[in-house]
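Listed below are the residues making up each chain.
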Amino acid sequence: MSRVISYAEFGPPSVLKLSDVDPAPPGAGQVLIAVRAIGVNPLDAKIRRGELARIFPVNFPVVPGLDVAGVIDAIGPDVTGLRVGDEVFGVASEGSYAQHVVADADAVQPRPPALPWELAAALPTVGEAAVRTLEQLEVKAGDVLLIHGAAGSVGAIATQLAVSRGATVIGAVSEADMDVVRGLGANPVLAGEELARRVRRISPDGVSAVLDTSGAGVLPESIDLAGGPERIVTIADMAAAGLGVRFSGAEPTDRAHNALPPLAHLAAGGQLQLPIWRPYPLADAAAAHADLEARRNRGKLVLLP
Ligand SMILES: NC(=O)c1ccc[n+]([C@@H]2O[C@H](COP(=O)([O-])OP(=O)(O)OC[C@H]3O[C@@H](n4cnc5c(N)ncnc54)[C@H](OP(=O)(O)O)[C@@H]3O)[C@@H](O)[C@H]2O)c1
């Protein structure tokens, strides 16, 4: 038997229930993973609340979660290049909040031995989003990139990658995160009212590109700072289309392929920081979601099976 978290209706964190199931065998092209760590994403909570039912239709009961790291326990038909006992991380095919998880073989990567399990589970969704959005914005040396939510998980990775490319990053964050983004190589500015004035104090001509990870209604001000919507990408603001701004990631095809191996290499070598808030036991998934929704975490939430 294997422990799993699932919910049978949309609702608050308390709809998340622990149960025991027989793990399903992996299908063609799939592997079964004995889980060592699970990454929690804001998306897991949005789907649980029923906010995204139009984009991500679900069949109850739902096992939440995307990101996972663990050891391959069984291999389905037609899988090549992976073996039982391999240590991998990546994205589950149908829910990752479980002790055993099925994933498509091409959705997992070998775990570098120096990459801690918790970090391996934290990286896939946010790492891919950071790489994808910087590609879509074509960020390069000389750019002045404004990142809304630069201390968040996607924002922190995007900040470090953009700085390493030679861009100047202005990171809009709350007071508590000013030193964090300074440590990542960005110029911190306090998020909120009259942000544009504070940004222009650092960069009087505005910015050349904007990444919005906050979804906090910052797009109109961003268009003003960037001189138009062309080089603005949001991953969190559904008002994007109405403003002529690109919303990245709504389509499953909108993904950066091969983003993870280089990120895992950097993280394993200590050259990429992704702070972990704290691990929670799998059984406490509801507490993890409650902390996420109350914005108590400063860093990635991880579940341990
Ligand atoms: N479309 C996609 O492909 C895709 C992929 C991954 C994630 N996402 C979405 O992107 C968002 C970020 O994901 P994440 O994992 O990075 O979440 P996260 O780690 O919780 O980071 C979000 C950050 O935004 C900050 N924030 C909130 N309001 C802000 C404001 N007004 N100005 C500046 N920053 C603000 C938060 O700061 P405080 O903690 O101080 O509030 C936090 O640091 C989520 O909504 C997630 O669902 C989308």
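Residues numbered from 1 in each chain as written. Predicted model: local features only at pLDDT ≥ 70, side-chain atom pairs only at ≥ 80, totals over all residues. Heavy atoms only, no water.

**A word on the side chain of K300**
Then, in step 1: Structurally, K300 can be placed in strand β15 (residues 300–304).
Then, in step 2: One buried charged residue, K300, forms no salt bridge at all, with the nearest opposite charge on D67 at 4.7 Å.
Then, in step 3: Every residue in contact with K300, bar those within four places of it in the chain, is listed here: V40, N41, A122, V126, S153, P275, I276, W277 and R278. (Helix = DSSP H or I, 4+ residues; strand = E, 2+ residues; numbered from the N terminus. Buried < 20%, exposed > 50% of the residue type's maximum accessible area, 1.4 Å probe, protein only. Lys, Arg positive; Asp, Glu negative; His and termini not counted. Salt bridge = Lys/Arg side-chain N within 4 Å of Asp/Glu carboxyl O. Contact = heavy atoms within 4.5 Å.)

**Topic: the site of the ligand**
Then, in step 1: Lining the immediate surroundings of the ligand are 25 residues, of which K46, S153, S248, R295 and R298 lie closest.
Then, in step 2: Between the ligand and G152 there is a distance of 3.3 Å, counted from an oxygen atom to a backbone nitrogen or oxygen.
Then, in step 3: Between the ligand and R298, the relevant distance is 2.8 Å, taken from an oxygen atom to a side-chain nitrogen or oxygen of the residue.
Then, in step 4: Taken by itself the ligand offers 920 Å² of open surface, and the protein chains cover 81% of this.
Then, in step 5: For the shell around the ligand, the elements supplying multiple residues, two or more each, are α1 (42–49), α3 (124–137) and α4 (153–164).
Then, in step 6: The greatest single-element share of the shell around the ligand, amounting to four residues, is contributed by α3. (Near = heavy atom within 4 Å. Polar contact = N/O pair within 3.5 Å; in protein donor to acceptor, adjacent residues only side chain to side chain. Areas by Shrake-Rupley, 256 points an atom, 1.4 Å probe, with all protein chains shown as cover.)

**Considering the nonpolar core**
Then, in step 1: Within the largest apolar cluster, 43 residues are counted, with the highest numbers of intra-cluster contacts made by L123, L145, I157 and L263.
Then, in step 2: Elements that contribute at least two residues to this core include exactly α2 (117–122), α3, β8 (144–148), α4, β9 (168–173), α5 (178–183), β11 (209–212) and α8 (260–268).
Then, in step 3: The leading source of residues in this core is α3, at six residues.
Then, in step 4: If sequence neighbours within four positions are ignored, L145 has contacts with L134, L137, V139, A162, T168, V169, I170, A209, V210 and L211.
Then, in step 5: Core analysis: the second largest hydrophobic core is formed by 33 residues, V4, A45, I47 and Y97 among them. (Core = buried A, V, L, I, M, F, W, Y, C linked by side-chain atoms within 4.5 Å.)

**As for the pairing of strand β14 (residues 276–281)**
Then, in step 1: Where β14 lies against β15, five bridges are found, and the strand directions are parallel. Note on β15: the bridge partner recorded for P279 is V302.
Then, in step 2: Each parallel crossover has a hand, and the one from β14 via helix α9 (residues 285–293) to β15 is right-handed. (Pairing = 2+ DSSP bridges. Right-handed = clockwise from strand over helix to strand, strands pointing away.)

**Observations concerning the packing of α1 against α9**
Then, in step 1: Between α1 and α9, the shortest axis-to-axis distance is 10 Å and the interhelical angle comes to 100 degrees. Considering the angle they form, α1 stands roughly perpendicular to α9. The residues of α9 that touch α1, namely those facing P42, D44, A45, R48 and R49, are H289, L292 and E293.
Then, in step 2: Residues belonging to the contact of α1 with α9 are distributed by class as follows: three nonpolar, one polar and four charged. (Axes fitted to C-alpha atoms, helices over the stretch in contact; angles between N-to-C directions. Parallel < 35°, antiparallel > 145°, perpendicular 65-115°, else oblique. Nonpolar A, V, L, I, M, F, W, Y, C, P; charged D, E, K, R; others polar.)

**Describing unusual backbone geometry**
Then, in step 1: A cis amide bond links F60 with the next residue in sequence, P61, at an omega value of -5 degrees.
Then, in step 2: Structurally, the position occupied by P61 is in the loop between α1 and β4 (67–75).
Then, in step 3: The backbone of D78 sits at a positive phi, close to 65 degrees, despite the residue not being glycine.
Then, in step 4: Structurally, D78 can be placed in the loop between β4 and β5 (87–91).
Then, in step 5: Taking the relative accessible area as the measure of exposure, D78 reaches 70% and is therefore exposed.
Then, in step 6: Its identity is not glycine, yet R295 carries a phi of approximately 55 degrees, on the positive side.

Worth remembering: the numbers are spatial, not functional.
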